[in-house]
Amino acid sequence: MTGFDDTTWRCGPPPRKGQFQRFPSRFWFNFNKFYSQFFEYVKGDEVILAEGMRVLNMFSGSLTWGDTTDFRSESGAKIVAPYDDLPILSNTYDLVVADPSYADFFHKQWSQDTKDHPIPKRILVEAARVTKPGGLIAILHIILIRPWKEANVKCIARHPVFAGENNVIRCLNVFRKKG
Ligand SMILES: C[S@@+](CC[C@H](N)C(=O)[O-])C[C@H]1O[C@@H](n2cnc3c(N)ncnc32)[C@H](O)[C@@H]1O
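Report on the accompanying structure. Predicted, not measured: the structure shown is a model, and the values here were computed from it.

Take the overall build of the chain next. Helix and strand counts for the chain come out as three helices and 10 strands. Element order for the chain, N to C, with α for helix and β for strand: β-α-β-β-β-β-β-β-α-α-β-β-β. Across the 179 residues in the chain, those meeting the buried criterion constitute 28%. Partitioning the intrachain contacts of the chain with sequence separation of at least 6 by distance along the chain shows that 48% fall at a separation of at least 24.

Now the structure itself:
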């Protein structure tokens, strides 16, 4: 895709038996549909990466695919570290995905020690550092994240993510690292 992409993703919950399917798909299904070069197989949260693709899964929580990183050791993440100081060499990944806690009230579910939720600019700058030139960074948030100069990225897509009538709308901010 060459132009700027602002396609809305509908990600309602999967239907129960006999229930009307309100939305055609879920989050990783959409991700695979738009950025299929990174994946071999996607079903629900189950993901198999395409051969040779190096993917960092930031704020991984319960997710287990790719190189997972989270600051809670109980999450089972491969790399247990704060999001803005990752023990990872620069220019390592083809894709970095990030699903941070985006508000203080939500963040308290995960941590009583650090009361502030992760700062979008710092997420982008650190994610961009570990991404290879030409690689992609995809950050799910409730705000539009600017392509901060310090990150050396271009914003190539913003997907409004609609997750159901009683849920907040989110935005998947997608950047390409320059270079
Ligand atoms: C919205 S949840 C991620 C949920 C995940 N995508 C899933 O499906 O399970 C946010 C995650 O960010 C992690 N987190 C919050 N603050 C962090 C920080 N300062 N550094 C690293 N990880 C952090 C939390 O431990 C939590 O697992």
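Right, let's talk about the site of the ligand for a bit. F59, G61, S62, F71 and D99 are the nearest of the 17 residues found near the ligand. In the shell around the ligand, the residues fall into eight nonpolar, six polar and three charged.

Ranked by size, the top nonpolar core spans 30 residues in total, and within it V96, A98, L124, A127, I137 and I139 carry the most contacts. Going through the elements one at a time, α1 (27-34), β4 (55-58), β7 (93-98), α3 (120-130), β8 (131-141), β9 (153-162) and β10 (169-177) are the ones with two or more residues in this core. Beyond its immediate chain neighbours, meaning those up to four positions away, I139 contacts A98, I123, L124, A127, I145 and N173.

Before going further, it helps to spend a moment on α1. All of the buried residues along α1 are F27, N30 and F31. Looking straight down α1, one finds its buried side chains confined to an arc of 105°; they lie on one side. Next to the buried residues of α1 lie β1 (9-10) and β9.

The next subject is unusual backbone geometry. Both trends apply: most residues other than glycine have a negative phi, and most peptide bonds are in trans. Non-glycine residue N91 carries a positive phi angle of around 60°. Turning to its location among the elements, N91 is positioned in the loop between β6 (79-80) and β7. A positive phi is found at N152, a non-glycine position, where the angle reads about 55°. For N152, a count of 16 C-beta atoms within 10 Å corresponds to the partly exposed category.

Considering the arrangement of structural elements, one finds I119 in the loop between α2 (104-107) and α3. Since 12 C-beta atoms lie within 10 Å of it, I119 is described here as exposed. Separated by 17 residues in sequence, I119 and Y102 place their C-alpha atoms 8.2 Å apart.

Here we take up the pairing of strand β3 (residues 46-49). As paired elements, strand β2 (residues 39-43) and β3 share four bridges and run antiparallel to each other. Bridge pairing links V42 to V47 in β3. The antiparallel hairpin formed by β2 and β3 contains two residues in its connecting segment, where G44 sits at a positive phi of about 60°.

Before going further, it helps to examine α3. Counting along an α-helix, one turn takes 3.6 residues, and residues three or four places apart therefore face a common direction. All of the buried residues along α3 are P120, I123, L124, E126, A127, A128 and V130. Residues of α3 that are buried make contact with β4, β7, β8, β9 and β10.

Within the open sheet, the eight strands sit side by side as β1-β9-β10-β8-β7-β4-β5-β6. Their pairing is mixed. Of all the strands in the sheet, the pair left with one neighbour each is β1 and β6. Across four bridges, β4 lies against β7 in parallel orientation. Considered in β7, the bridge of L56 is made with V96. Where α3 meets the sheet, it contacts β4, β7, β8, β9 and β10, and its direction lies at approximately 150° from that of β8.

Before going further, it helps to spend a moment on the pairing of β8. Where β7 lies against β8, five bridges are found, and the strand directions are parallel. Bridge pairing links V96 to I137 in β8. The pairing of β8 with β10 spans six bridges and is classified as antiparallel. Counterpart to I137 in the pairing with β10 is F175.

Parameters and conventions
Residues numbered from 1 in each chain as written. Predicted model: local features only at pLDDT ≥ 70, side-chain atom pairs only at ≥ 80, totals over all residues. Helix = DSSP H or I, 4+ residues; strand = E, 2+ residues; numbered from the N terminus. Buried ≥ 20, exposed ≤ 12 C-beta atoms within 10 Å, placed from the backbone. Contact = placed C-beta atoms within 7 Å. Near = placed C-beta within 6 Å. Nonpolar A, V, L, I, M, F, W, Y, C, P; charged D, E, K, R; others polar. Core = buried A, V, L, I, M, F, W, Y, C linked by C-beta atoms within 7 Å. Arc of directions from axis to C-beta. Pairing = 2+ DSSP bridges. Axes fitted to C-alpha atoms, helices over the stretch in contact; angles between N-to-C directions.

Any functional reading would require information beyond the geometric quantities listed.
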